[in-house]
Amino acid sequence: MDEQIQQDEKNITLKDKPIIYNKIDVSLYGELLSLSKNKAEVFFVPTETMIYDDESIHPGFVFSAAAYTAMCAINKKNSIIISSETKFLAPIEYGHELVFKANAIQGEAKKCEVKVEGFLLDIKIFDAIFYIAIFDKKLFRLKLKEDKEA
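Residues numbered from 1 in each chain as written. Predicted model: local features only at pLDDT ≥ 70, side-chain atom pairs only at ≥ 80, totals over all residues. Heavy atoms only, no water.

Would you mind going over the nonpolar core with me for this structure?
Note on soluble globular proteins: their nonpolar side chains tend to be buried together. In this structure, Val62, Leu98, Phe100, Val114, Val116 and Phe126 are the most contacted members of the largest nonpolar core, which totals 32 residues. Looking at which element gives the most residues to this core, the answer is helix α2 (residues 59-74), with ten residues. With sequence-adjacent residues up to four places away left out, Val116 is seen in contact with Ala66, Ala70, Phe100, Lys101, Ala102, Phe126, Asp127, Ala128 and Phe130. (Core = buried A, V, L, I, M, F, W, Y, C linked by side-chain atoms within 4.5 Å. Buried < 20%, exposed > 50% of the residue type's maximum accessible area, 1.4 Å probe, protein only. Helix = DSSP H or I, 4+ residues; strand = E, 2+ residues; numbered from the N terminus. Contact = heavy atoms within 4.5 Å.)

As structure tokens, this is what we get:
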């Protein structure tokens, strides 16, 4: 029963898994703290393997954690990020812990906008809008065949 998603007043409880990203490595993207309709919150702790220059964390890992938060806020299968507008407002150093908060501005359409903000304590260090497209079925199912004509 804990494996099923309970939708009580359109809220998804944390004791259940989200619809998407059930097998994701939380050490890379962060731990899902809260999840409700069109909203998500993720706690991200950079690891030592993410350091790229002295004590700085590579911004790609920060972006990935924010993208994960945006996708969790939508929480629909067959959804993909098609674009983003991103601002890194401060560098992140090893030892910093971040909280990402996502809120879907348009969550009920086939193309959604999700605002994601990242915080170090109470200081906003990341700001982005992610554009997410939602499809009825899996977008790409490629079956590559060998070319039999030679």
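There's plenty left to go through after this.
Sorry, what's going on with the pairing of strand β10 (residues 123-134) here?
Looking along a regular strand, one sees the side chains alternate between the two faces of the sheet. Across the twelve residues that make up β10, a large majority, ten, are buried. As paired elements, strand β7 (residues 79-88) and β10 share nine bridges and run antiparallel to each other. Opposite Phe88, over in β10, you have Phe126 as the bridge partner. Summarising the sheet, strand β9 (residues 111-120) and β10 pair through ten bridges and their orientation is antiparallel. When the bridges of β10 are listed, Lys115 appears paired with Ile129. (Pairing = 2+ DSSP bridges.)

Looking at this model, I keep getting lost on the pattern of salt bridges. Mind explaining?
Should the charged atoms of two oppositely charged side chains come close, the side chains can pair. Tallying each qualifying case throughout the model produces two salt bridges. Residues Asp127 and Lys115 are paired through a salt bridge, measuring 2.7 Å at the closest nitrogen-oxygen approach. On the criterion of sequence distance, the pair formed by Asp127 in strand β10 and Lys115 in strand β9 is long-range, its members being twelve residues apart. A salt bridge links Glu117 to Lys124; the nearest nitrogen and oxygen atoms lie 3.0 Å apart. Residue class for Lys124 comes out partly exposed when judged on its relative accessible area of 33%. (Salt bridge = Lys/Arg side-chain N within 4 Å of Asp/Glu carboxyl O.)

Just checking my understanding: could you explain the packing of aromatic side chains for this structure?
For any pair of aromatic rings, the description consists of the separation of the ring centres together with the inter-plane angle of the planes. Summed over all chains, the structure comprises five aromatic pairs. Note on Phe44 and Phe100: the rings are 6.3 Å apart at their centroids and 55° apart in plane angle, and the pair reads as tilted. Here Phe44 is found in strand β4 (residues 39-44), whereas its partner Phe100 is found in strand β8 (residues 98-106), with 56 residues between them in sequence. Given the relative accessible area of 0%, Phe100 is considered buried. Ring centres of Phe100 and Phe126 lie 5.7 Å apart, and the angle between their planes is 80°; on these two criteria the pair is classed as edge-to-face. Taken as a pair, Phe100 in strand β8 and Phe126 in strand β10 lie far apart in primary sequence, 26 residues in all. Accessibility assignment for this pair places Phe100 and Phe126 in one class, buried. Taken together, Phe44, Phe88, Phe100 and Phe126 form an aromatic cluster joined through their ring pairs. (Phe/Tyr/Trp six-rings, centres within 6.5 Å; stacked < 30°, edge-to-face > 60°.)

So what exactly am I meant to see when it comes to α2 here?
A turn of α-helix holds 3.6 residues, and therefore any two residues three or four places apart point the same way. Helix length check: α2, at 16 residues, gives a terminal C-alpha distance of 23 Å against a target of 22 Å (1.5 Å per residue), a fit within 8%. Looking at the residues trailing α2, positive phi occurs at Asn75, about 55°. (Expected span 1.5 Å × (residues − 1).)

Mind showing me how you'd approach the environment of Pro46 here?
Note that Pro46 resides in the loop between β4 and β5 (51-53). A relative accessible area of 5% means that Pro46 is categorised as buried. Between the C-alpha atoms of Pro46 and Ser56, which are ten residues apart in sequence, the distance is 9.9 Å. The contact partners of Pro46, leaving out residues within four places of it in the chain, are Ile57, Ile92, Tyr94 and His96.

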